[in-house]
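Commentary on secondary and tertiary structure
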Amino acid sequence: MLRQWALSSVHTNPLTRQISKPSSLLRTFRTHNTRRASQPPLFNASLKTIPARSSPLLKVNSRASATTAASNSAKAPKRNRIVRFVYKASAFCGFAGLTVTGLVVAFFIYDASTYKEEAEKYDIGVPELALNPRRGGPKNLPIAEVLVDDEDGEEMFRQRGKPRLVVLGCGWGSVALLKNINPDNYHITVVSPSNYFLYTPLLPSATVGTLELRSLVEPIRRITSKVKGHFLKAHAERVDFSAKLVEVSQTLPNGEERRFYLPYDKLVIGVGSKTRTHGVEGLENVEFLKNVTDARRIRSKVIECFERACLPSTTDEERRKLLSFVICGGGPTGVEFAAELFDMLNEDLTHMYPKILRNEVSVHVVQSRSHILNTYDEALSRYAEERFARDQVDVLTNSRVSRIEKEKVIFTQKDEESGKIITKELPFGMCLWSTGVAQTGFAERIAGQLELQRNKHALETDPHLRLLGTPLGDVYAIGDCSTVQNNIAGHITDFLRQIAWEKGADPEKLALDFGMWRNVAARVRKKFPQATDHLRRLDRLFEQYDVDKSGTLDFDELKELLGQIDSKLTSLPATAQRAHQQGQYLARKFNKLAQAAPGLAMNDVTDGDLDEAVYKGFEYKHFGSLAYIGNAAVFDLNGLSIGGGLIYVYLWRSVYFAQSVSLRTRMLLAMDWGKRTLFGRDLMNF
C-alpha cells in the first residue's frame with residue numbers, strides 16, 4: 001500500500017512534480033523511515049498520530065533536513081583536519097621542547113661533573129733512570145732510556161719492553177701514522193717543537209678572520225695518549241745511526257740549552273719543510289705562511305695597515321702604499337690567501353672602515369710562470385685568472401722577483417710584444433712570500449751525514465720509504481722533507497739475477513724473450529709500485545724496444561726501456577695528501593712487521609730485506625687538487641676539471657670538513673663558518 005501511495009503521489013502531488021524518477025522518492029522515503037525507526041520511542045509515538053495523507057509535507061521537511069545534514073557533514077571533515085593538524089603540531093612541538101630541555105639539562109649535569117673541588121692524589125712510582133739517566137753516546141749526553149711517565153698505570157708500564165718507535169715531527173704524515181698504528185706493538189715517542197697538529201690547507205682562512213686558529217689545531221698529546229705514547233716538546237738536532245740515538249735539544253726560558261739522547265729501534269723522520277727563498281735578498285721584509293705564528297702575524301699586520309690608513313696624518317701616497325698587498329707566488333697557498341683577502345675587503349671592510357679604503361685597496365699576485373695554479377689543469381688556471389680579473393686582483397705572470405726592499409718589491413717582467421725584460425716595482429704595506437718548499441736545517445744535516453743523499457731539496461728514500469744510506473729497516477722519512485727515488489734502471493741487475501741463475505747465464509749477456517720480460521715487469525711492479533701505470537701494455541713496450549727485431553731484449557735494450565720509464569716518473573707532490581698516505585702506509589707496514597716478528601725470531605731471521613718480504617712498496621694515489629679563489633672554487637680530479645661559484649665553495653668546505661682530524665675541530669669549523677655568516681669577520685689585532 002505504501003509503495004502504491006508513493007507512486008501515485010509522485011504524479012498527483014504538485015510539491016513533487018519536479019521529481020522525474022519515482023525510485024528517487026522511494027529511496028528518500030525508505031531513508032526517512034529508517035531514520036524514523038532510529039529515533040527515540042517518544043518521538044516515534046508522536047509520529048503515529050499524524051494521518052497518512054499529511055506525509056508529503058513530512059517528506060519535504062525530511063529533504064530539507066537531509067540537505068542541512070549533508071552541508072554540515074561536508075564542513076565537519078575540514079574542521080576535523082584542522083583540529084588534528086593543530087593537535088599533532090602541538091604534540092610535536094611539545095615533544096621537541098621536552099627533548100631539547102632534556103638535552104640542555106643533561107649537558108649541564110655533565111658539565112657539572114667535569115669540575116673537581118679536590119685534587120686527585122696518585123701514588124705513582126718514577127723510575128730512578130728517568131730522574132737520573134745514565135750518560136753515553138759520542139758526546140756523553142744523558143740517554144733517556146726511561147721516561148718519567150713510563151709507569152703511569154699498567155698500560156704505560158706494559159709498553160716499556162716493546163720496540164722503541166721514535167717519530168720526529170707532528171705533521172700530516174706523523175699524525176696519520178699515530179692514528180693507524182697498533183699501540184700494543186710499540187713504545188711510541190713523538191718529538192716536536194710544536195705541541196699541536198696544524199690543519200694547513202685552511203691556514204689562509206685564518207689570516208683574515210674567516211676561521212679562528214684554534215679551529216685548525218689539535219693538541220698532539222690528545223693523539224699520543226690514544227696510542228699510549230709519549231711526547232717531548234724539543235728540537236731534533238742530529239742522529240747517530242750506528243748507535244741508534246737521536247740528539248735532542250731543549251731551550252729554557254732563560255736561554256739555556258740542554259741536550260740529551262733518545263734511543264730508538266725504528267725512527268720516522270717527518271719534520272716537514274720550510275719556505276723556499278730562491279736566493280732572493282731582503283726576505284726579512286716579507287711574511288711567510290707556514291705555522292700558527294705566521295698566520296697570527298699576517299692578520300695583525302693587515303689590520304694594522306687598515307688602522308694606519310684611517311689616520312688623518314696619513315698622506316694619499318702613504319695610504320695607497322699601506323693598502324697595497326703583494327703575494328709572491330701563484331701556487332695554491334698564494335692564490336687562496338689573495339682570495340680570502342679579497343673576500344674580507346669586499347664583505348667586511350666597508351662595514352667597519354671608511355669606504356675610501358675599499359676604493360684604494362689593491363691586491364697583486366706575482367707569478368714566475370705563465371699561469372697561476374700551474375700544477376692544475378690549464379682550463380682551471382685560466383678560470384682562476386678570469387675570476388681574479390673580474391675581482392680586480394692584479395695577476396702579474398712571467399714575473400721574477402729580484403729583491404725585496406723595506407716597502408717595495410723589485411721584479412722583472414717579460415714584455416709580451418717586444419720580448420724585452422722590464423724591471424718594475426710594487427710598493428706594499430704587507431708582502432707574503434709563498435714560493436715552494438725547501439729542506440729544514442735538520443734535514444740538511446741528515447743529508448750531510450749520508451753519502452747516498454744527493455738531492456738538494458729533500459731526503460731520498462727507496463719505495464719502502466727507508467732513508468737511503470742508513471741501516472736497512474731502521475730509519476724512514478715521510479712528508480715534505482722526503483722524496484721517493486725511483487731508480488729502476490739502476491736495479492736492472494737485481495731484476496735479472498734470479499732469471500740468470502735459473503738459466504745458468506750471465507745477467508748482462510742474458511736475452512729475454514716475452515715470457516721472461518713479463519717476469520721482469522712483475523718484479524719491477526712489486527719493487528716500484530709507482531711504475532705500474534707505465535707497464536700496462538707489455539707487448540707494445542717489448543716490440544718498441546726490440547730494436548734489432550730479434551724477438552728478444554738484450555741487456556742494453558732492457559736498460560734503455562727501464563731508463564725511459566724512470567724519466568716518466570715525476571717526484572711526488574709536497575702536499576698533505578701525499579704525507580697522509582705515507583703515514584698510513586708506514587702504520588700498516590709496522591703492524592705487519594710486528595705480527596711477523598715472533599715467526600722471524602723463531603726461525604732466527606734477523607737480516608735481509610724484511611720490509612719487502614712482509615709488505616709491498618709505497619704507491620701514491622692522487623685523488624685530485626682543489627683551491628679556493630674567492631666565493632668560488634676549482635677542482636682538478638685526475639682529468640676531470642670542474643669549478644664554479646658558491647655551490648663549489650660548499651663542496652670545497654665539505655671536503656676539508658670531512659678530512660678534519662677530530663670531531664672537536666669539525667664542530668669548531670662549522671661554528672666559525674656560521675659565525676662569519678651571522679656576524680662577519682673579526683677585524684681586530686691582538
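Only a predicted model underlies this, so the values are computations on that prediction, with no experimental measurement involved.

The rules behind the values
Chains are numbered independently. Their residues run from 1 in the order of the written sequence. Reporting in this predicted model follows two pLDDT cut-offs: at least 70 for local features of residues, and 80 or more for side-chain atom pairs to be given and counted; totals over whole chains, interfaces and linings ignore these cut-offs and use all residues. Hydrogens are left out, water is left out, and the side-chain values use all remaining heavy atoms of the structure. Secondary structure counts use DSSP, requiring at least four H or I residues in a row for a helix and at least two E residues in a row for a strand, with both numbered from the N terminus. Three exposure classes are used, based on accessible area relative to the maximum for each residue type with a 1.4 Å probe and protein chains only: buried under 20%, partly exposed in between, and exposed over 50%. Each residue carries a pLDDT value, the predictor's own confidence for that position, ranging from 0 to 100. In this description, contact between two residues means that some pair of their heavy atoms is separated by no more than 4.5 Å. A pair of strands is treated as paired once DSSP finds two or more bridges between them. Here the axes come from fitting lines to C-alpha atoms, over the contacting stretch only for helices, and the angles between their N-to-C directions go from 0 to 180 degrees.

Note: most peptide bonds trans; most residues except glycine with negative phi. A positive phi angle, near 60 degrees, is found at H278, a position not held by glycine. Residue placement: H278 occurs in the loop between strand 12 (274-275) and helix 10 (292-309). The phi dihedral of L373 is positive, around 50 degrees, even though this residue is not glycine. On the secondary structure map, L373 appears in the loop between strand 14 (362-366) and helix 14 (378-390). Take L373: its relative accessible area is 0%, and that puts it in the buried class.

The next thing to look at is the confidence of the model for the protein. Across the protein, the average pLDDT comes to 84, with 84% of residues at or above 70. Helix 3 (residues 41-48) is the least confidently modelled element of the protein, averaging 40 in pLDDT, while strand 11 (residues 266-269) averages 97, the highest of any element. Considering only residues more than four positions removed or in separate chains, one finds that residues 1-58, a stretch of pLDDT under 50, has 34 contacts.

The subject of this paragraph is the sheet that holds strand 19 (residues 430-433). What the four strands build is an open sheet, ordered 15-14-13-19; its pairing is parallel. Each having just a single partner strand, strand 15 (393-396) and strand 19 make up the two edges of the open sheet. Strand-to-strand, the axes of this sheet are offset by a mean angle of 15 degrees, without reference to chain direction. Where strand 13 (residues 324-328) lies against strand 19, four bridges are found, and the strand directions are parallel. The residue bridging C328 from the neighbouring strand is W433, located in strand 19. Lying over the sheet, helix 10 contacts strand 13 and strand 19, oriented at roughly 155 degrees with respect to strand 19.

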